[in-house]
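Below are the chains, spelled out letter by letter.
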Amino acid sequence: MLPKLKISSLLLKRLEQVKQQCSGCLFGVFYGEGTLLLLGFNVESTIGQLNYEQIQHKFPAEVDLCGLVKFGDCSDAEAHLSEIFKDVDITDNPILLHCELGTLVGLRASFLMHGKLEEVPYEVMDEEQLYGDFCFTRLKFSWTIYTEDNALAVRKEMHALRKTISGGSLAFNVEPTKVFITSGGVQGVAYSGHKSKAINNDSMITDVMAAVQAAVHFNQEDKENAGENRKSKKSMATDIKLSNVYGAVGCDFDVLGIEVLRSKTREFNDTDNITNTLPAMSMCLKPGEKKYAIPVELEPMAILNKSTKLSRLYDILIESICRALRLCEQSITENLEENERKILKVPKTYNFFPREFGHFISCCYLEGVSDDEASMQNKRKRLHRHFGLSVMRPYFRRSNVCMFRNEIGAGEPLLNTHLGLKASGVSEGKLYLVQGNYHYYHYLQQQMQDKGWGCAYRSLQSICSWFLLQGYTERPVPTHLEIQQYLVKIGDKPQNFKGSSQWIGSTEVSMCLQGFLNVDSKILHVSSGAELSTLASDLAMHFQTQGTPIMIGGGVLAHTIIGIDYNVQTGQIKFLILDPHYTGDDDLQTIQSKGWCGWKGMDFWDKKSYYNLCLPQRPIMY
């Protein structure tokens, strides 16, 4: 019986962007009683020395090679067909997708059955269903390997390490529960209301999620509320969204944090170092040999359908570690083979979440090798081409690494304060929103007494945070004093401007963006707040193509525009405003309910004031 085929709507959008005649590999998840979900692809003809086996290690565990995609009438597809199909092991029926260039019209899907291709229908899985049906596991895993400074020795040690790990030497705990996964099975307890339920091999991922939700809710309770109130409170535990607790910022997937444990029934030597605090690389001298101790820091991930039985979970977690180790091996050996100076460097894995993908991607980079070095730029450029991504956006720079909510430090400004807002009320309007993550900067933060004069500074800080969080820079968000010092340095302001309480406007904001981040800006002007509606098309185009926050200054006030809702037929428009004049605590509920981040109509703008808008432009970077 042929598998049931589903294709992620995000994947279809990416397929539609391919304009060249070529072929590539398909990657997907096989789950349930025989369903194949296609999640990713690559373009084989553009990746040089990379191949689909190496690329698969960048995907989360359970995302595997499942077939071939052919764009247009490319001639190399037939040559790839037999090679790729023989390596597909998640299904007996590899798939072939045939796409026309630049369009989804005429897309055909065929499974290989008994040596012949049989065309089949497919369903489209939208983002909401994808986030609802699947979740991710995330480990933190560290080890030390001892090796000589040559590629052969590194491969040998990495192979031995994978063999050790695959031999049942590890155990896992689902944080913050008492659910444990070992090579011998799964055990633990989940709560539903005031009832408990045993977790075992026949349980599903949804049962583990319930255990996590109950544990998180219990930990949030005050100790004084234990006892009688606990039962009623636990009944609300399932309302907790794990994406808001352990998930990545800008991603709606639920994430299960997994702790790696030593198995007490096995003997470990000093090379079996499992710790989250890594030592620096060092040299070990033994009679007749020179070896280096290399700390290896991993962050393996796996994707799981929520109906998956826990009897499979141990092997999936082990596979996620082995994939991360292969990435590290590849990164270390490439560096040794490509450079004349045979210098070992410490590898570290990073997880990224390109919104266009709908899944995480892992990369391994060597410590001490800057993102701006030519070797790193070339590596990322190949990766962009390989995945069919624009080379104008820095998807895989270290500064664009995923931020997980449970690791965000206290004291950081709020992230993405517009999420969860009610609809604007524009009838049949179309949303044009900021793309990506930003911090909300406002009056009196960082012990800065800037009430009454610092609104444009705060708007600039919010914009700078966007460029930092999107990976365009590693430079910290500038302080008020740094902003003033720069404007004095370039001759825009006199010396007494430093340390003052003087305002700045959109022109100064654009100067600072150029000076601090090498970011150009487009300036728009209207002579009255009543004329802002005439810029609706310009603002819509900006959010579609650039996606950056906009600083707007008028009279003595500055605000940040992070989106519009616009009906082109009626001309009705509302602006999504991030208001820097807020002076309270960083409480999201207050900020949204009181309108400090919210939708504003045309009556929000002063009809007697002129307005200048600073529209930051994305630099070309990869």
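Residues numbered from 1 in each chain as written. Predicted model: local features only at pLDDT ≥ 70, side-chain atom pairs only at ≥ 80, totals over all residues. Heavy atoms only, no water.

Going by an unreviewed UniProt entry, the protein chain carries the name Probable Ufm1-specific protease 2 and comes from Musca domestica.

S.K.: Can you help me understand the environment of Gly 454 in this one?
M.R.: Position of Gly 454 relative to the elements: it lies in the loop between strand 21 (430-433) and helix 11 (455-469). Along the chain, Gly 454 and His 480 lie 26 residues apart, while their C-alpha atoms are 8.1 Å from each other. (Helix = DSSP H or I, 4+ residues; strand = E, 2+ residues; numbered from the N terminus.)

S.K.: In this structure, what is going on with the packing of aromatic side chains? I would like to understand it.
M.R.: Given two aromatic rings, one states the distance between the centres and the angle between the planes to describe the pair. Using the criterion set out here, one finds 27 aromatic pairs in the structure. Between Phe 59 and Phe 387 the ring centres are 6.0 Å apart and the planes differ by 90 degrees, which places this aromatic pair in the edge-to-face class. One end of the pair, Phe 59, is in the loop between helix 2 (52-56) and strand 4 (64-71); the other, Phe 387, is in the loop between helix 10 (374-386) and strand 21, with 328 residues separating them in the sequence. As far as burial versus exposure is concerned, Phe 59 and Phe 387 are alike and both buried. Ring centres 5.3 Å apart and planes at 45 degrees place the aromatic pair Tyr 486 and Phe 516 in the tilted group. Taken together, the positions of Tyr 486 in helix 12 (residues 480-489) and Phe 516 in helix 13 (residues 506-517) put the pair 30 residues apart, joining distant regions of the chain. Assessed through its relative accessible area of 10%, Phe 516 is described here as buried. Among the aromatic residues, those joined into a ring-pair cluster are Phe 27, Phe 59, Tyr 350, Phe 352, Phe 357, Tyr 365, Phe 387, Tyr 395 and Phe 396. Note that Arg 14 overlies the ring of Phe 357, its terminal NZ or CZ placed 4.1 Å from the centroid. Sitting over the ring of Phe 497, Lys 493 keeps its end group 5.4 Å from the ring centre. (Phe/Tyr/Trp six-rings, centres within 6.5 Å; stacked < 30°, edge-to-face > 60°. Buried < 20%, exposed > 50% of the residue type's maximum accessible area, 1.4 Å probe, protein only. Lys NZ or Arg CZ within 6 Å of the ring centre and 35° of its normal.)

S.K.: What is the right way to look at the pairing of strand 5 (residues 95-99) in this model?
M.R.: Burial analysis of strand 5 places five of its five residues in the buried class, the great majority of the element. The alternating pattern of strand 5 places Ile 95, Leu 97 and Cys 99 on one face and Leu 96 and His 98 on the opposite face, and all of these are buried. As paired strands, strand 5 and strand 6 (residues 108-113) are joined by four bridges and run antiparallel to one another. Considered in strand 6, the bridge of Leu 96 is made with Ser 110. (Pairing = 2+ DSSP bridges.)

S.K.: It is not clear to me how helix 11 should be interpreted in this structure. Could you clarify?
M.R.: Every α-helix carries 3.6 residues per turn, so stepping three or four residues along brings you back to the same face. Given a rise of 1.5 Å per residue, 15 residues ought to cover 21 Å, and the 21 Å separating the end C-alpha atoms of helix 11 matches this to within 8%. The element helix 11 is largely enclosed, with a buried count of 14 among its 15 residues. Backbone geometry just after helix 11 places Gly 471 at a positive phi near 85 degrees. (Expected span 1.5 Å × (residues − 1).)

S.K.: Is there a simple way to explain helix 13 in this structure?
M.R.: Between its first and last C-alpha, helix 13 extends 16 Å over 12 residues, near the 16 Å set by a 1.5 Å rise per residue. Within the span of helix 13, buried status applies to Ser 506, Glu 508, Val 509, Ser 510, Cys 512, Leu 513, Phe 516 and Leu 517. Residues of helix 13 that are buried in the fold lie against helix 11, helix 12, strand 22 (521-526), strand 23 (550-554) and strand 27 (611-616). Asn 518 lies just past helix 13 and shows a positive phi near 60 degrees. (Contact = heavy atoms within 4.5 Å.)

S.K.: Help me understand the pattern of salt bridges in this model?
M.R.: For side chains bearing opposite charge, pairing can occur when the charged atoms are close. Scanning the model with the defined rule gives 21 salt bridges in all. Here Glu 123 makes a salt bridge to Lys 4, at a shortest N to O gap of 3.4 Å. Residue Glu 123 is located in strand 8 (residues 123-125), and its partner Lys 4 is located in strand 1 (residues 4-8); the two are separated by 119 residues in the primary sequence. Using a relative accessible area of 38% as the deciding quantity, one classes Glu 123 as partly exposed. The salt bridge involving Glu 407 is made with Arg 138; its shortest N-O contact spans 3.1 Å. Of the two residues, Glu 407 sits in the loop between helix 10 and strand 21 while Arg 138 sits in strand 9 (residues 134-139), which places them 269 residues apart along the sequence. The class for Arg 138 is buried, based on a relative accessible area of 8%. The structure contains a network of salt bridges with shared partners spanning Arg 138, Lys 140, Glu 299 and Glu 407. (Salt bridge = Lys/Arg side-chain N within 4 Å of Asp/Glu carboxyl O.)

S.K.: Can you help me understand unusual backbone geometry in this one?
M.R.: Only a minority of non-glycine residues have a phi that is not negative, and only a minority of peptide bonds are not trans. Residue Pro 176 follows Glu 175 across a cis peptide bond; omega there is -5 degrees. Considering the arrangement of structural elements, one finds Pro 176 in the loop between strand 11 (170-174) and strand 12 (179-182). A positive phi is found at Glu 428, a non-glycine position, where the angle reads about 55 degrees. In this fold, Glu 428 is placed in the loop between helix 10 and strand 21.

S.K.: What is the right way to look at the state of the cysteines in this model?
M.R.: Throughout this description, disulfide means a covalent bond between two cysteine sulfur atoms. Evaluation of the coordinates by the stated rule reveals zero disulfides. For Cys 328, which is in no disulfide, the shortest distance to another cysteine sulfur is to Cys 364 and amounts to 3.6 Å. (Disulfide = S-S within 2.5 Å.)

S.K.: How do you make sense of the confidence of the model for the protein chain when you look at a structure like this?
M.R.: The predicted coordinates ought not to be read in detail in places where the model reports low pLDDT. Looking at the protein chain as a whole, the pLDDT averages 88, with 89% of positions reaching at least 70. Overall, residues 46-50 carries pLDDT values under 50, and its contacts beyond four positions in sequence, including any with other chains, amount to 11 contacts. Note that residues 226-236 has pLDDT below 50 and, in this model, 15 contacts with residues that lie over four places away or in other chains. (pLDDT = per-residue confidence, 0-100.)

S.K.: Quick question: what am I supposed to make of the nonpolar core here?
M.R.: The nonpolar side chains of a soluble globular protein tend to be buried, and buried together. Counting residues in hydrophobic clusters, the biggest one holds 100 residues, and the most contacted among them are Leu 170, Phe 172 and Phe 396. Judged by nonpolar contacts, the second largest core, of 39 residues, contains Tyr 457, Ile 483, Leu 487 and Ile 504. (Core = buried A, V, L, I, M, F, W, Y, C linked by side-chain atoms within 4.5 Å.)

S.K.: Teacher, can you tell me more about the packing of helix 11 against helix 13 here?
M.R.: Angle between the axes and distance between the axes: these two values describe a pair of packed helices. For the pair helix 11 and helix 13, the least separation of the axes is 11 Å and the interaxial angle reads 35 degrees. Of the two possible hands of crossing, helix 11 and helix 13 adopt the one that is right-handed. Facing Ala 456, Leu 460, Ile 463, Cys 464 and Phe 467 of helix 11, the residues of helix 13 in contact are Val 509, Cys 512, Leu 513 and Leu 517. Here the residues of the contact of helix 11 with helix 13 are counted per class, giving nine nonpolar, no polar and no charged. (Axes fitted to C-alpha atoms, helices over the stretch in contact; angles between N-to-C directions. Left-handed = near helix turned anticlockwise from the far one by under 90°. Nonpolar A, V, L, I, M, F, W, Y, C, P; charged D, E, K, R; others polar.)

S.K.: Explain the sheet that holds strand 6 here, please?
M.R.: Neighbouring strands of a sheet are bound in pairs by backbone hydrogen bonds; such pairs are parallel or else antiparallel. The eight strands lie next to each other as 7-6-5-4-2-3-1-8, forming an open sheet whose pairing is mixed. The two strands at the open ends of the sheet, each matched to only one other strand, are strand 7 (116-120) and strand 8. Across the sheet, the axes of successive neighbouring strands diverge by a mean angle of 35 degrees, strand direction being ignored. Along the sheet, helix 1 (residues 9-16) contacts strand 1, strand 3 (35-41), strand 4, strand 5 and strand 8; its crossing angle with strand 3, the most-contacted strand, is approximately 40 degrees.

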